Amino acid sequence: MNQKRLTDLRAQRLMILPQQQNQTAAIPFNCVLFGMDGTLLDSAAGVIASAAKALAAVGAPVPSLEEMRLYVGPPMIESFRGPAGLDEETAQKGCWPGTALMWDHQA
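Quick notes on the rules
Residues numbered from 1 in each chain as written. Predicted model: local features only at pLDDT ≥ 70, side-chain atom pairs only at ≥ 80, totals over all residues. Heavy atoms only, no water. Core = buried A, V, L, I, M, F, W, Y, C linked by side-chain atoms within 4.5 Å. Buried < 20%, exposed > 50% of the residue type's maximum accessible area, 1.4 Å probe, protein only. Helix = DSSP H or I, 4+ residues; strand = E, 2+ residues; numbered from the N terminus. Contact = heavy atoms within 4.5 Å. Phe/Tyr/Trp six-rings, centres within 6.5 Å; stacked < 30°, edge-to-face > 60°.

Enquirer: Summarise the nonpolar core; cite the residues concerned and give the values.
Expert: Of all hydrophobic cores here, the largest spans 12 residues; its members are Ile48, Ala51, Ala52, Ala54, Leu55, Ala60, Met68, Tyr71, Ile77, Phe80, Leu86 and Ala91. For this core, the secondary structure elements donating two or more residues are α2 (44–57) and α4 (76–81). In terms of residue count, α2 provides more of this core than any other element does, 5 residues in total. Contacts of alanine 51, omitting those with residues within four sequence positions, involve Met68, Tyr71, Met76 and Phe80.

Enquirer: How would you explain the environment of leucine 55 if you had to name every residue and give the values?
Expert: Counting through the fold element by element, leucine 55 comes out in helix α2. A relative accessible area of 0% places leucine 55 in the buried class. C-alpha of leucine 55 to C-alpha of lysine 93: the two residues are 38 residues apart in sequence and 9.4 Å apart in space. Every residue in contact with leucine 55, bar those within four places of it in the chain, is listed here: Ala60, Pro61, Val62, Pro63, Met68, Tyr71, Phe80, Ala84 and Leu86.

Enquirer: Describe in detail the packing of aromatic side chains, supporting the description with residues and values.
Expert: Evaluated as defined, the whole model comprises 1 aromatic pair. A ring pair is formed by tyrosine 71 and phenylalanine 80, whose centres lie 6.2 Å apart and whose planes are at 65°; its orientation type is edge-to-face. The burial state of tyrosine 71 is the same as that of phenylalanine 80; both residues are buried.

Pasting the structure below:
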């Protein structure tokens with residue numbers, strides 16, 4: 001991160017905290033959250049792999065890699081209803097967080 005950007009971020013942080021004279025402002029962080037939507041890192045491979053596992057787990061055909069790229073970005077339920085063509089009940093099952101995990105543990 002360049003020095004100007006770092007200085008700007010520090011200035012913004014200091015503006016949101018009430019300060020007393022001669023005190024250094026500090027924000028106590030106990031966690032940091034990152035959105036995995038492609039802004040900070042390329043999450044496409046993980047999204048595609050998870051969607052493929054979920055589709056297979058509900059008995060739906062798994063599209064080609066090129067077609068699966070359409071699943072990156074929109075909410076997964078929309079991808080299951082739209083490009084995958086699943087009915088509402090199956091799309092909901094595919095979005096259940098445990099679906100892909102169950103697939104990982106099948107013999």
